[in-house]
Amino acid sequence: MTAPVLLVLTNLPDADSAHALAAHLIEARLAACVNVLAPASSVYRWEGAIETATEVPLLIKTTAGRYDALEAAIRAQHPYELPEIVAVPVTHGLPGYLDWVRTETTPDA
Amino acid sequence: MTAPVLLVLTNLPDADSAHALAAHLIEARLAACVNVLAPASSVYRWEGAIETATEVPLLIKTTAGRYDALEAAIRAQHPYELPEIVAVPVTHGLPGYLDWVRTETTPDA
Amino acid sequence: MTAPVLLVLTNLPDADSAHALAAHLIEARLAACVNVLAPASSVYRWEGAIETATEVPLLIKTTAGRYDALEAAIRAQHPYELPEIVAVPVTHGLPGYLDWVRTETTPDA
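Notes on the structure follow. (Residues numbered from 1 in each chain as written. Chains lettered and ligands numbered in written order. Predicted model: local features only at pLDDT ≥ 70, side-chain atom pairs only at ≥ 80, totals over all residues. Heavy atoms only, no water.)

## A look at the interface of chain C and chain A
Where the parts come together, the accessible area they lose is often given as the size of the interface.
Right, so step 1: Taken together, the contacts link 29 residues of chain C with 26 residues of chain A.
Right, so step 2: Across the chain C/chain A interface, buried area totals approximately 2,200 Å², and carbon plus sulfur atoms make up 65% of it.
Right, so step 3: Among the residues of chain C in contact with chain A, C:His92, C:Leu94 and C:Tyr97 are the three that bury the most area, contributing 27% of the side total.
Right, so step 4: Scanning the region where chain C abuts chain A turns up two salt bridges.
Right, so step 5: In this structure, C:Lys61 engages A:Glu84 in a salt bridge whose closest nitrogen and oxygen atoms are separated by 2.7 Å.
Right, so step 6: Among the secondary structure elements, those contributing two or more residues to the side of chain C that touches chain A are α1 (15–27), β2 (33–36), β4 (49–63), β5 (85–90), β6 (92–93) and α3 (95–104) of chain C.
Right, so step 7: Here the side of chain C that touches chain A takes six residues from α3(C), the largest share from any one element.
Right, so step 8: By residue class, the composition of the side of chain C that touches chain A is 19 nonpolar, six polar and four charged.
Right, so step 9: Taken together, the two bridges between strand β5 (residues 85–90) of chain A and β6(C) define a ladder with antiparallel strand orientation. Its bridge partner being in β6(C), A:Ala87 is matched across the sheet by C:His92. (Contact = heavy atoms within 4.5 Å. Buried area = accessible area lost by both parts, 1.4 Å probe. Salt bridge = Lys/Arg side-chain N within 4 Å of Asp/Glu carboxyl O. Helix = DSSP H or I, 4+ residues; strand = E, 2+ residues; numbered from the N terminus. Nonpolar A, V, L, I, M, F, W, Y, C, P; charged D, E, K, R; others polar. Pairing = 2+ DSSP bridges.)

And the structure:
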């Protein structure tokens, strides 16, 4: 009844793949809501050089109990071999909203 | 003296309502700083269909002690019946900045 | 081997300073990946008045063990006297990605 809620972050290479993944996660009840943020520049090291790439961040609201299935679904659809998938715990929130997240991520009977 | 600091996330339907809420929260000392992010697309399920809506995310810096009053103020001004309000804990930070958050969110005498 | 991973947030006054700081943090192995987000509006109180300023948020992926050095590097390069530097804990994540963060932030031998 009071499953912890998580805020999960991943990054897609463009808006089309970001929206497609967001819709898939909602459709599969692996997330209650996904925010597709404005495009960002990601900076990282690759084969010794500093690289910059445009990416579209997703902020995904789900529960801890659905995290493993969510992670598997992101991996299955994400175009990168090793995508960023990190989650931070929600420790406070509007009770009605948190309940809505739990309800929306309950698998269909 | 060392009240925990929170990062609170909510989403408004447009930039005007986002800026109005941000200014109100600062004015009322319910937050020390609010970042009004670039518009995002929010994807969710509504009455069985997958919906997409433009929303403007707010990142709000406050303390755990002010959370309940902050939540009440967001609910009172937010145009949605059930707005997203979720908070994640700040576990590390620049001490001077964290102190500034605590000072700025102390109610006026 | 399983050092906690952090998501660190700071804000720069413009895209040039944001990209310069991001590249510096990667170069120094103080972060594995930095997302330079689209420009945001920051709202805060300054000398009694409500101010709004454009800022560019950075989302920095690092480990708890590198946090102190990261904070020092941000302070040394950041144009503000008291920059926002706050971090939230990563409690779930793709194991391979978290390992990559740990490897990328290991100081050069």
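Resuming the write-up.
## Notes on the relation of the copies chain B and chain A
Right, so step 1: Expressed as a screw transformation, the operator carrying chain B onto chain A has a rotation angle of 120° and an axial translation of 0.0 Å, and the superposed copies differ by an RMSD of 0.0 Å. These values place the two chain copies in the arrangement generated by a three-fold rotation axis. Among all residues of chain B, the minimum C-alpha distance to the rotation axis is found for B:Ala38, at 3.6 Å.
Right, so step 2: When the interface residues of chain B are mapped onto chain A, a mere 12% of them are again interface residues, pointing to distinct binding faces. (Least-squares fit on C-alpha atoms with pLDDT ≥ 70 in both.)

## Let's talk about the pattern of salt bridges
Right, so step 1: All told, the structure shown has 12 salt bridges over all chains when counted by the stated rule.
Right, so step 2: A salt bridge links B:Arg102 to B:Asp99; the nearest nitrogen and oxygen atoms lie 3.0 Å apart. A residue pair is termed a helical-turn pair when its members lie 3 or 4 positions apart in one helix, as B:Arg102 and B:Asp99 do in helix α3 (residues 95–104) at three residues.
Right, so step 3: Connected through salt bridges with shared partners, the residues A:Arg29, A:Glu104 and B:Arg45 form a single ionic network.

## Some words on helix α1 (residues 15–27) of chain B
Right, so step 1: With 13 residues, α1(B) extends 18 Å from end C-alpha to end C-alpha; this agrees with the ideal 18 Å at 1.5 Å per step.
Right, so step 2: For α1(B), the elements touching its buried residues are β1 (5–12), β2 (33–36), β4 (49–63) and α2 (67–77) of chain B together with β3 (40–46) and β4 of chain C.
Right, so step 3: Put simply, B:Asp14 is the residue that caps the front of α1(B), since its side-chain oxygen is 3.3 Å from the backbone nitrogen of B:Asp16.
Right, so step 4: Of the residues trailing α1(B), B:Arg29 is marked for its positive phi of about 60°. (Expected span 1.5 Å × (residues − 1). Polar contact = N/O pair within 3.5 Å; in protein donor to acceptor, adjacent residues only side chain to side chain.)

## A short note on α1(C)
Right, so step 1: All of the buried residues along α1(C) are C:Ser17, C:Ala18, C:Leu21, C:Ala22, C:Leu25 and C:Ile26. Summarising the axial view, the buried residues of α1(C) lie within an arc of 165°, below the 170-degree limit, and thus occupy one face.
Right, so step 2: The inward-facing, buried residues of α1(C) contact β3 (40–46) and β4 (49–63) of chain A together with β1 (5–12), β2, β4 and α2 (67–77) of chain C. (Buried < 20%, exposed > 50% of the residue type's maximum accessible area, 1.4 Å probe, protein only. Arc of directions from axis to C-beta.)

## Here's the deal with the nonpolar core
A general trend in soluble globular proteins is that nonpolar side chains are found buried together.
Right, so step 1: Counting residues in hydrophobic clusters, the biggest one holds 114 residues, and the most contacted among them are A:Leu25, A:Ile60, B:Leu25, B:Ile60, C:Leu25 and C:Ile60.
Right, so step 2: With residues near it in sequence (within four places) discarded, B:Leu25 still touches B:Leu30, B:Ala31, B:Ile60, B:Leu70, B:Ala73 and B:Ile74. (Core = buried A, V, L, I, M, F, W, Y, C linked by side-chain atoms within 4.5 Å.)

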